[in-house]
Amino acid sequence: MKCRLKEIREEKELTKRKLATILNVSDSIYARWENSQDTIPTRRIYQLANYYQLNIDYLLGLTDEKITMVSSNKMDISLIATRIVEVRKDFNETLRTFVKRFNTSSSTWSAYETGKTLILGTFLIEVCRIGNYSADWLLGRCDTKYLSKK
C-alpha cells in the first residue's frame, strides 16, 4: 500500500513544517508518517483528509480514486464504534479468531466497539485493506461501505 502524504503535500506546495504546524505535531513526527516509518494516527488521518478535502482512502493509498470530500471536523465516535462492530460481524468470525487475525486483544477490540477508544491507524488500515472497506465509511465521512476496485 502506498500512502500519498508526500505526493499530496508536494502537489499542494506545502512544506513538512507547515503540515506539522497544521496538525500540531513536531516536524520529525510528521516526517516519520510521510516516510512510512510510523503509522499516522487515526485522528490525524481524519484531520489531514479534511484539510486537503480529500477522501481518506486515496490519502492512504487504499484506492486510486481521488474524491473531493468535505466533512465535519468532529469525529462521531459512536458511529465509528457501530461500524467497527459491523465490520467484525461481516467477517463472520468469533471475537477470539477475529482479534488473532489482527494481532490484538479482545479488550482492545472491545474498546473500539464500545467507542471507549478510537481505532488505531494501523488497525484501521489493515481492516480496510483486508476487508476492502472504505476508511471514509468506517470513520463516518461517507455512506459507501466498500472500496471500488483499483
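So, here's what we can say about the structure. All values derive from a computational prediction rather than experimental measurement.

Reading guide: rules and limits
- Residues numbered from 1 in each chain as written.
- Predicted model: local features only at pLDDT ≥ 70, side-chain atom pairs only at ≥ 80, totals over all residues.
- Heavy atoms only, no water.
- Helix = DSSP H or I, 4+ residues; strand = E, 2+ residues; numbered from the N terminus.
- Rg over C-alpha atoms; globule rule 2.2 N^0.38 Å.
- Buried < 20%, exposed > 50% of the residue type's maximum accessible area, 1.4 Å probe, protein only.
- Contact = heavy atoms within 4.5 Å.
- Areas by Shrake-Rupley, 256 points an atom, 1.4 Å probe, with all protein chains shown as cover.
- Lys, Arg positive; Asp, Glu negative; His and termini not counted.
- Charge placed at Lys NZ, Arg CZ, Asp CG, Glu CD.
- Arc of directions from axis to C-beta.
- Salt bridge = Lys/Arg side-chain N within 4 Å of Asp/Glu carboxyl O.

Below, the discussion takes up the overall build of the protein. In terms of helices and strands, the protein carries 10 helices and 0 strands. Its helices and strands in sequence order give the protein the pattern α-α-α-α-α-α-α-α-α-α, from N to C terminus. By the compact-globule yardstick of 15 Å for 150 residues, the protein fits well, its C-alpha radius of gyration being 15 Å. Considering only C-alpha atoms, the protein reaches an extent of 45 × 30 × 25 Å along its principal axes. Counting the 150 residues in the protein, one finds 47% classified as buried. The contacts in the protein between residues at least 6 apart in sequence include a share of 56% that link residues at least 24 apart. Put simply, the protein shows about 8000 Å² of open surface, and 46% of that area lies on carbon and sulfur atoms. Put simply, the protein has 25 plus and 18 minus side-chain charges, and the middle of one group is 4 Å from the middle of the other.

As a further point, take the side chain of Arg4. Checked against the element boundaries, Arg4 lands in the segment before α1 (5-11). When residues no more than four places from it in sequence are discounted, the contact partners of Arg4 are Tyr58, Leu59, Gly61, Thr63 and Asp64.

On to unusual backbone geometry, then. For residues besides glycine, phi is generally negative; the peptide bonds are generally trans as well. Phi is positive for Asn24, close to 60°, though the residue is something other than glycine. Structurally, the position occupied by Asn24 is in the loop between α2 (16-23) and α3 (27-34). Assessed through its relative accessible area of 65%, Asn24 is described here as exposed. Located in the positive-phi region is Asn92, a residue other than glycine, with phi close to 55°. As for its position among the elements, Asn92 is in the loop between α6 (77-91) and α7 (95-101).

On to the side chain of Arg88. Mapped onto the elements of the fold, Arg88 is located in helix α6. Excluding residues within four positions of it along the chain, Arg88 makes contact with Glu93, Leu95, Phe98, Trp109 and Glu113.

A few words on α3. Of the positions making up α3, those classed as buried are Tyr30, Ala31, Trp33 and Glu34. Here the buried residues of α3 occupy an arc of 160° about the axis, which is enough to place them on one side. Just downstream of α3 lies Ser36, where phi reads positive at about 60°.

The next subject is the pattern of salt bridges. Following the criterion strictly, the structure yields 14 salt bridges and no others. In this structure, the salt-bridge partner of Arg32 is Asp38, at a minimum N-O distance of 2.7 Å. With a relative accessible area of 35%, Arg32 lands in the partly exposed category. On the accessibility criterion, Asp38 (36% relative accessible area) is partly exposed.

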